Amino acid sequence: MTVAFVTGGGRGVGRVIAESLAAEDFAVCVAARTTVEVEETATAIEGAGGRALALTVDATDGAAVESALATAERRLGAIDVLVNNAGSARAIGPVWEVDPEEWWQDVESSLRSAFLCSRAVLPRMLERGTGRILNVSSYVALRPTPYISGYAAAKAALLSLTEALAASVGDTDVRVFAVTPGRFHSELMRHLMDSEAGKRWLPGIGEGGRWVEPERVAQFIVFLATGKGDELHGRFLHALDDLDELVERADEIVRDDLFTPRLRR
């Protein structure tokens, strides 16, 4: 059975990802900080006939990550797909007003967690000669985002980490992607829209544009996790992209260095 490890898997996008992979016969380790949420997600997966393991883990803690991955491999098998989905956006407001600790926690929850989990699984993937890593980023990484700067900085750095990892394993069959679910109804978005700081500094963040349906996110993740998009290795992809079309254009995308953050001069 193919095995996936999903951080931040207890709710929102992470839960959709975990459940969508389980529906495609992945055994899924649901990892997050909140015990009740990972257990609810794992129970839902098992109730639908899937196989899941709930683990309470702080993905910014290196020792905890190593322990969780060891447990997952012992209980489920070798990790074939890692989804680095953990993240937070708690520091809302101008840089000179937000709490420095909250700001740095936003960076670490997305970036440090992805680094630690990737660092832990890659030697095993390289030894087996196969594996896929999906790093969940955001379009805030590509445009000025003054009032959630910690989250935006982390997601921008995650794009750089994705490209570094992809280049590092380019001559192997391990594949790395950066992905974004787009505008999605989640705890994070509700916090940005409904918190006192969010209402003050991010008015209208929930207005305009298309909200992405859970089914679309599920199809997107499954497409990449099952290897159908391997030609798009190292690219930053959106849940609303037509991945079949992009695969057909893979040679052009690689030649022209598309779907990457680049300075155009």
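Up top is the structure.
Residues numbered from 1 in each chain as written. Predicted model: local features only at pLDDT ≥ 70, side-chain atom pairs only at ≥ 80, totals over all residues. Heavy atoms only, no water.

Some points on the pairing of strand 3 (residues 51-56)
Taken together, the 6 bridges between strand 2 (residues 27-32) and strand 3 define a ladder with parallel strand orientation. Its bridge partner being in strand 3, C29 is matched across the sheet by L53. In terms of handedness, the path from strand 2 via helix 2 (residues 35-47) over to strand 3 forms a crossover that is right-handed. (Pairing = 2+ DSSP bridges. Helix = DSSP H or I, 4+ residues; strand = E, 2+ residues; numbered from the N terminus. Right-handed = clockwise from strand over helix to strand, strands pointing away.)

Focus: the side chain of S110
Mapped onto the secondary structure, S110 falls in helix 4 (residues 100-128). Within the structure, the side chain of S110 is placed 3.0 Å from the side chain of K155, a separation counted as a polar contact. Excluding residues within four positions of it along the chain, S110 makes contact with A86, G87, S88, A154, K155 and L158. (Polar contact = N/O pair within 3.5 Å; in protein donor to acceptor, adjacent residues only side chain to side chain. Contact = heavy atoms within 4.5 Å.)

Some thoughts on the nonpolar core
Ranked by internal contacts, the top residues of the largest apolar core, which has 38 residues, are L21, V28 and L224. It is helix 8 (residues 214-225) that provides the largest number of residues to this core, a total of 8 residues. What L21 contacts, discounting residues up to four positions off in sequence, is A4, V6, F26, V28, V83, I221, V222 and A225. Counting residues in each nonpolar core, the second largest holds 31 residues, with L76, C117, L122 and V174 among its members. (Core = buried A, V, L, I, M, F, W, Y, C linked by side-chain atoms within 4.5 Å. Buried < 20%, exposed > 50% of the residue type's maximum accessible area, 1.4 Å probe, protein only.)

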